[in-house]
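Structural features, examined
If you want the building blocks of each chain, they are given just below.
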Amino acid sequence: MIEQAEGGLRVTAPMVIANARALYEAGRRALNSAQRSASVLLDLAGVAEVDSSALATLFAWQRKAAERAVKLRVVNPPASLISLAALYGVSELLPLA
């Protein structure tokens, strides 16, 4: 679901409602192990499917990172995620690198 990658984390599962809780927990654990004041890149290149729960999961990870003073940056977001963010008017809230 989430793998350690050079310089950050790589999501390898669909970011859909069926996976949302497991993805959140996996990301939370990974962020808890990150060094305080670190910068973590979250690579979404392996995400083939998203729904609105992907935005909720990303924002939850962003809150968790902020609690730990970790800077979370998203790279390679799927076009469908960008479209959903625009549809909901939250594009500017995504921590895109």
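A short tour of the structure in this document, coming up. (Residues numbered from 1 in each chain as written. Predicted model: local features only at pLDDT ≥ 70, side-chain atom pairs only at ≥ 80, totals over all residues. Heavy atoms only, no water.)

Describing helix α3 (residues 79-88)
Inspection of α3 places L81, L84 and A85 among the buried residues, and these make up the whole buried set. One face of α3 carries all of its buried residues, which in axial projection span an arc of 100 degrees. When the buried face of α3 is taken as reference, the exposed residues oriented beyond 90 degrees from it are A79, A86 and L87. Along its buried surface, α3 packs onto α2 (52-67). Following α3 by one or two positions, G89 adopts a phi angle in the positive range, close to 75 degrees. (Buried < 20%, exposed > 50% of the residue type's maximum accessible area, 1.4 Å probe, protein only. Helix = DSSP H or I, 4+ residues; strand = E, 2+ residues; numbered from the N terminus. Arc of directions from axis to C-beta. Contact = heavy atoms within 4.5 Å.)

Considerations on the side chain of T57
Looking at the secondary structure, you find T57 in helix α2. Once residues lying within four places of it in the same chain are set aside, the contact partners of T57 are M15, A20, L23 and Y24.

Things to note about the environment of V74
Locating V74 in the fold gives a position in strand β4 (residues 71-75). Of the residues examined, V74 reaches a relative accessible area of 2% and is grouped as buried. For V74, the residues in contact, after removing those within four places along its chain, are L42, L44, L58, P95, L96 and A97.

Overview of the sheet that holds strand β1 (residues 2-5)
The four strands are arranged β1-β2-β3-β4 in an open sheet whose pairing can be described as mixed. Of all strands in the sheet, those with a lone pairing partner are β1 and β4, marking the two edges. The sheet shows a mean angle of 25 degrees between the axes of neighbouring strands, direction not considered. Pairing of β1 with strand β2 (residues 8-11) involves four bridges; the strand directions are antiparallel. What sits directly across from I2, in β2, is V11. Sitting on the sheet, helix α1 (residues 20-32) touches β1, β2 and β4, and the angle it makes with β1 is about 30 degrees. Along the sheet face, α2 touches β1, β2, β3 (39-43) and β4 and points at about 150 degrees away from the line of β4. (Pairing = 2+ DSSP bridges. Axes fitted to C-alpha atoms, helices over the stretch in contact; angles between N-to-C directions.)

Details of unusual backbone geometry
In this model, S37 sits at a positive phi of 65 degrees, which is unusual for a non-glycine residue. Note that S37 resides in the loop between α1 and β3. The phi torsion at A69 lies on the positive side, around 60 degrees, for a residue other than glycine. Within the element layout of this structure, A69 appears in the loop between α2 and β4.

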